[in-house]
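# Report on the structure
Here is how the chains run, residue by residue.
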Amino acid sequence: MEIKLDDLQGQEIAYLLQEHMDDMHTQSPAESVHALGIEALRSPDITFWSVWINRSLAGCGALKALSPHEGEIKSMKTSSGFLRRGVASALLKNILSEAERRQYKTVYLETGSMDHFKPACELYERFGFEPCSPFGNYQEDPNSLFFSKKL
């Protein structure tokens with residue numbers, strides 16, 4: 001498994017991010033979809049990684065700088081052919097390591113509240129994330145769950 005910084009130029013990553021966006025719109029009402037499109041992910045305050053196994057794209061994720069001391073995990077997605085193979089755990093370890101390197105005090109994330117998102121919530125809880133109130137520009141939403149982790 002190789003985790004590398006990604007410039008969001010490859011066709012494989014474009015397809016995976018579109019699949020992620022389509023999936024989010026299938027699972028959540030439009031006003032509750034907080035996934036970022038590929039252009040928004042190219043923002044200078046976002047670092048994006050892709051995960052590769054034997055030259056196949058296995059997943060992706062990003063870390064957005066919210067302040068000098070806080071970050072937000074964005075766009076965590078595992079390719080369907082690589083589910084339950086440790087891709088998300090390895091990527092989350094990588095993102096948290098970068099957050100620590102940046103000396104962030106807190107890392108946040110938002111995910112859906114529906115059953116579809118239960119495996120993601122369980123992953124985040126295994127890594128020490130705890131439920132929290134909406135952060136940044138988020139508002140209370142019955143379709144969203146918010147988590148934070150102190151570093």
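Report follows, based on the coordinates. Each chain has its residues counted from 1, following the order in which its sequence is written. Owing to the predicted nature of the model, reporting of local features is limited to residues with pLDDT of at least 70; listing and counting of side-chain atom pairs is limited to 80 or more, with chain, interface and lining totals taken over all residues. For side-chain calculations, the full set of non-hydrogen atoms in the structure is used, while hydrogens and water are omitted.

## Overview of helix H4 (residues 118-126)
Within H4 the residues assigned to the buried category are Cys 121, Leu 123 and Tyr 124. Down the axis of H4, the sector holding all buried residues measures 160°, keeping them to one side. Tucked inside the fold, the buried residues of H4 contact strand S4 (70-78), helix H3 (87-101), strand S5 (106-112) and strand S7 (144-150). To qualify as a helix, a DSSP run of H or I must reach at least 4 residues; to qualify as a strand, a run of E must reach at least 2; elements of each kind are numbered from the N terminus. The positive-phi residue at the C-terminal boundary of H4 is Gly 128, with phi of around 90°. Think of it in three bands: residues with accessible area under 20% of the maximum for their type are buried, residues over 50% are exposed, and the middle band is partly exposed, with areas taken using a 1.4 Å probe on protein chains only. Here the arc refers to the set of directions running from the helix axis out to each C-beta atom. Two residues qualify as a contact provided that any one of their heavy atoms is within 4.5 Å of a heavy atom in the partner residue.

## A look at the pattern of salt bridges
Salt bridges, as used here, are contacts in which a Lys or Arg side-chain nitrogen is within 4 Å of a carboxyl oxygen on Asp or Glu. In this structure the tally under the stated criterion is 6 salt bridges. Among the salt bridges present, the one from Asp 23 reaches Lys 77, with a minimum N-O distance of 3.8 Å. In this pair, Asp 23 sits in helix H1 (residues 11-27) while Lys 77 sits in strand S4, placing the two residues 54 residues apart along the sequence. What makes Asp 23 buried here is its relative accessible area of 19%. The class of Lys 77 is buried, set by a relative accessible area of 14%. Residue Glu 98 pairs with Arg 102 through a salt bridge whose shortest N-O separation is 2.8 Å. Given the relative accessible area of 15%, Glu 98 is considered buried. According to the relative accessible area criterion, Arg 102 is partly exposed, its value standing at 21%. By sharing partners, the salt bridges in this structure join Glu 19, Asp 23 and Lys 77 into a single network.

## Let's talk about the packing of H3 against H4
Only the stretch in contact is used when a helix axis is fitted, and all axes are lines through C-alpha atoms; the angle between N-to-C directions ranges over 0 to 180 degrees. Relative to each other, H3 and H4 sit at 45°, their axes nearing to 11 Å. Classed by the angle they form, the pair H3 and H4 counts as oblique. The hand of the H3/H4 crossing is right-handed. Packed against H3, whose contacting residues are Ala 88, Ser 89 and Leu 92, the element H4 presents Leu 123, Tyr 124 and Arg 126 at the interface. Gly is placed with the polar residues, together with every amino acid not listed as nonpolar (Ala, Val, Leu, Ile, Met, Phe, Trp, Tyr, Cys and Pro) or charged (Asp, Glu, Lys and Arg). Considered class by class, the residues forming the contact of H3 with H4 number 4 nonpolar, 1 polar and 1 charged. Angle categories are assigned with fixed cut-offs, so that under 35 degrees is roughly parallel, over 145 is roughly antiparallel, 65 to 115 is roughly perpendicular, and the rest are oblique. Handedness of a crossing follows from how the near helix is turned relative to the far one, being left-handed for an anticlockwise turn of less than a right angle and right-handed for a clockwise one.

## Notes on the environment of Tyr 138
Its location among the elements puts Tyr 138 in the loop between strand S6 (130-131) and S7. Between the C-alpha atom of Tyr 138 and that of Lys 149, which follows or precedes it by 11 residues, the distance is 17 Å. With sequence-adjacent residues up to four places away left out, Tyr 138 is seen in contact with His 34, Glu 72, Lys 74, Glu 110 and Phe 146. Engagement of the side chain of Tyr 138 in a polar contact is seen with the side chain of Glu 72, the distance being 2.5 Å. In the analysis that follows, any N or O atom pair within 3.5 Å is treated as a polar contact, provided that within protein one partner can donate a hydrogen and the other can accept it, and provided that, for residues neighboring in sequence, both atoms belong to side chains.

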